[in-house]
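An overview of the molecular structure
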Amino acid sequence: MKKILLAAVAALTAGAAWADYPDKPVTIVVPFAAGGPTDKVARDLAEALRKPLNATLVIENVGGAGGTLGATKVSKAAPDGYTLLLHHIGMSTSPALYRNLQYKTLDDFEYLGLVNEVPMTLISRPSLPANNYAELLKWLGANKGKINLANAGLGSASHLCGLLYMSTLKMDMTTVPYKGTGPAMTDLIGGQVDIMCDQTTNTTTQIEGGKVKAFAVSTPKRLSGSLSKLPTLDESGMKGFNVTIWHGLYAPKGTPKAVLDKINTALKTALKDPEFHKREEALGAVIVTDARVNPAEHKKFVSDEINKWTPVIKAAGQYAD
């Protein structure tokens, strides 16, 4: 009985110690350069979090090494809730892409909840002689060994989607890495490469303008809006195919539960903010509204994603270090 009382007192004392959190600005580390898609999500989220968290939020860009430098910094930061990480799918692919990673994804962070997901689209050069996914499959089959698959660089969203597509299709293609989506898209439009799988944030305008051909989306359900007529890869025969570029919020391991609870509660409120919804929709992103906004489900999701991507990356033998 005495031990129970002592434990209860300790819990109350710990909670009281963090009752005033936050009483200074909170930094959200973005592990990529300013101006990119993840940076934009972070800044929009910071604005939506400001009121429910009752804090000033500061964005710090720590780019380099595919997002691992910024993630490493947060993993080693003081576990007090004043340094957070906003990261994308790289949280699940880095353990396989980087063989000397300086942190353990599932052990060195507290999970605060998923924020959004960005679908992918399978597109081709405008001159490719196929007008729907069935025709594309026939063309791929007739041109084995001659197909060029573009991506925005090793570890990029387009690289990962392309790897999973080839793995699921059980077909090798010549991957052509570029230094970013811009030059990859330029060459695709110009006909120098054949196909690419990339985020709707990068492809929707080109699809709507007829500059590329679009064949399918990577999500289990069809998208709304201008891409609603595109079939899913799942319904086209690739059962279970699902690739989105998702973003989640993290804190250093050991951050007090009272602080984590405050941040998670504020995050759930921010995700319902109408202005945040408008800004994310403009990016082609979908706000997460399911159980993955909870820490335990967020962590389980990342664990499942690690299990999905690790064998694909290792089979390809393409590492970023």
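Higher on the page you've got the structure.
Below is a short write-up of the structure.

Conventions and cut-offs
- Residues numbered from 1 in each chain as written.
- Predicted model: local features only at pLDDT ≥ 70, side-chain atom pairs only at ≥ 80, totals over all residues.
- Heavy atoms only, no water.
- Helix = DSSP H or I, 4+ residues; strand = E, 2+ residues; numbered from the N terminus.
- Rg over C-alpha atoms; globule rule 2.2 N^0.38 Å.
- Buried < 20%, exposed > 50% of the residue type's maximum accessible area, 1.4 Å probe, protein only.
- Contact = heavy atoms within 4.5 Å.
- Areas by Shrake-Rupley, 256 points an atom, 1.4 Å probe, with all protein chains shown as cover.
- Lys, Arg positive; Asp, Glu negative; His and termini not counted.
- Charge placed at Lys NZ, Arg CZ, Asp CG, Glu CD.
- Disulfide = S-S within 2.5 Å.
- Axes fitted to C-alpha atoms, helices over the stretch in contact; angles between N-to-C directions.
- Parallel < 35°, antiparallel > 145°, perpendicular 65-115°, else oblique.
- Left-handed = near helix turned anticlockwise from the far one by under 90°.
- Core = buried A, V, L, I, M, F, W, Y, C linked by side-chain atoms within 4.5 Å.
- Salt bridge = Lys/Arg side-chain N within 4 Å of Asp/Glu carboxyl O.
- Polar contact = N/O pair within 3.5 Å; in protein donor to acceptor, adjacent residues only side chain to side chain.

This part takes up the overall build of the chain. Counting secondary structure elements, the chain contains eleven helices and ten strands. Here the chain has a C-alpha radius of gyration of 21 Å; the compact-globule value for 321 residues is 20 Å, and the two agree. Its C-alpha atoms give the chain principal-axis dimensions of roughly 75 × 40 × 35 Å. Buried positions account for 50% of the 321 residues belonging to the chain. Considering only contacts within the chain whose residues lie at least 6 apart along the sequence, 78% involve residues at least 24 apart. Summed over all atoms, the accessible surface of the chain reaches about 14,600 Å², with 54% contributed by carbon and sulfur. Taking the average place of the 35 positive charges on the side chains of the chain and the average place of its 29 negative ones, the gap between the two points comes to 3 Å.

Under the counting rule described, the total for this entry stands at one disulfide. Covalently, Cys 161 is tied to Cys 197 through a disulfide, its sulfur atoms 1.9 Å apart. The chirality of the disulfide connecting Cys 161 with Cys 197 is right-handed, given an S-S dihedral of about 50°. Separated by 36 residues along the polypeptide, Cys 161 in helix H6 (residues 157-169) and Cys 197 in strand S7 (residues 195-199) bring together distant segments of the chain. Taken individually, Cys 161 and Cys 197 each receive the classification buried, so the pair is uniform in this respect.

In this section: the packing of helix H4 (residues 90-97) against helix H11 (residues 295-316). The geometry of H4 relative to H11 is characterised by a closest axis approach of 8 Å and an angle of 40° between their N-to-C directions. Our classification of the angle between H4 and H11 gives oblique. Two packed elements cross with a definite hand, and for H4 against H11 that hand is right-handed. The residues of H11 that touch H4, namely those facing Met 91, Ser 92, Thr 93, Pro 95, Ala 96 and Leu 97, are Val 302, Glu 305, Ile 306, Trp 309, Thr 310 and Ile 313.

Turning our eyes to something else, we now look at the nonpolar core. Where a protein is soluble and globular, its nonpolar side chains tend to be buried together. Leu 136 and Tyr 165 are the most contacted members of the largest nonpolar core, which has 84 residues in total. Beyond its immediate stretch of four places on either side in the chain, Leu 136 contacts Leu 122, Leu 128, Ala 130, Tyr 165, Ile 195 and Phe 215. The next biggest cluster of nonpolar side chains, apart from the first, holds 14 residues, and it includes Ile 123, Val 193, Val 217 and Leu 230.

In this chain, Tyr 21 is followed by Pro 22 through a cis amide linkage whose omega measures -5°. Assignment of secondary structure puts Pro 22 in the loop between helix H1 (2-17) and strand S1 (26-30). Residues other than glycine seldom take positive phi values, yet Lys 170 does so here, at roughly 60°. Among the secondary structure elements, Lys 170 is positioned in the loop between H6 and strand S6 (174-177).

This next bit is on the pattern of salt bridges. Under the definition given, this model contains 14 salt bridges. A salt bridge links Lys 73 to Glu 60; its shortest N-O distance comes to 2.4 Å. Taken together, the positions of Lys 73 in helix H3 (residues 68-75) and Glu 60 in strand S2 (residues 57-61) put the pair 13 residues apart, joining distant regions of the chain. Residue Lys 73 is classed as partly exposed on the basis of its relative accessible area, which comes to 39%. Since its relative accessible area comes to 28%, Glu 60 is described here as partly exposed. We note a salt bridge from Asp 194 to Arg 125, for which the minimum N-O separation is 2.8 Å. A residue pair is termed long-range when its members are at least 10 positions apart, and Asp 194 in the loop between helix H7 (181-190) and S7 and Arg 125 in the loop between strand S4 (109-124) and helix H5 (133-142) qualify at 69 residues. Exposure class is identical for Asp 194 and Arg 125. Each is buried. A single network of salt bridges, built from pairs that share partners, joins Lys 40, Asp 44, Glu 275 and Arg 279.

With that settled, consider the side chain of Arg 125. By relative accessible area, which is 13% here, Arg 125 ends up buried. At a separation of 2.9 Å, a polar atom in the side chain of Arg 125 contacts the side chain of Ser 127. If sequence neighbours within four positions are ignored, Arg 125 has contacts with Trp 139, Leu 188, Gly 191, Val 193, Asp 194 and Lys 213.

Turning our attention to helix H8 (residues 200-208). Every buried residue belonging to H8 is among Thr 200, Thr 203, Thr 204, Gln 206 and Ile 207, and all of these are buried. Buried-residue contacts for H8 involve S4, H7, S7 and strand S8 (213-217). One or two residues past the end of H8 sits Gly 210, with phi positive at roughly 70°.

Below, the discussion takes up the environment of Leu 122. Counting through the fold element by element, Leu 122 comes out in strand S4. We classify Leu 122 as buried; its relative accessible area is 2%. Taking the C-alpha atoms as reference points, Leu 122 and Cys 161, separated by 39 residues in sequence, lie 9.0 Å from one another. Ignoring any residue separated from it by four or fewer positions in sequence, one finds Leu 122 in contact with Tyr 133, Leu 136, Tyr 165, Met 196, Cys 197, Lys 213, Ala 214, Phe 215, Ala 216 and Leu 233.

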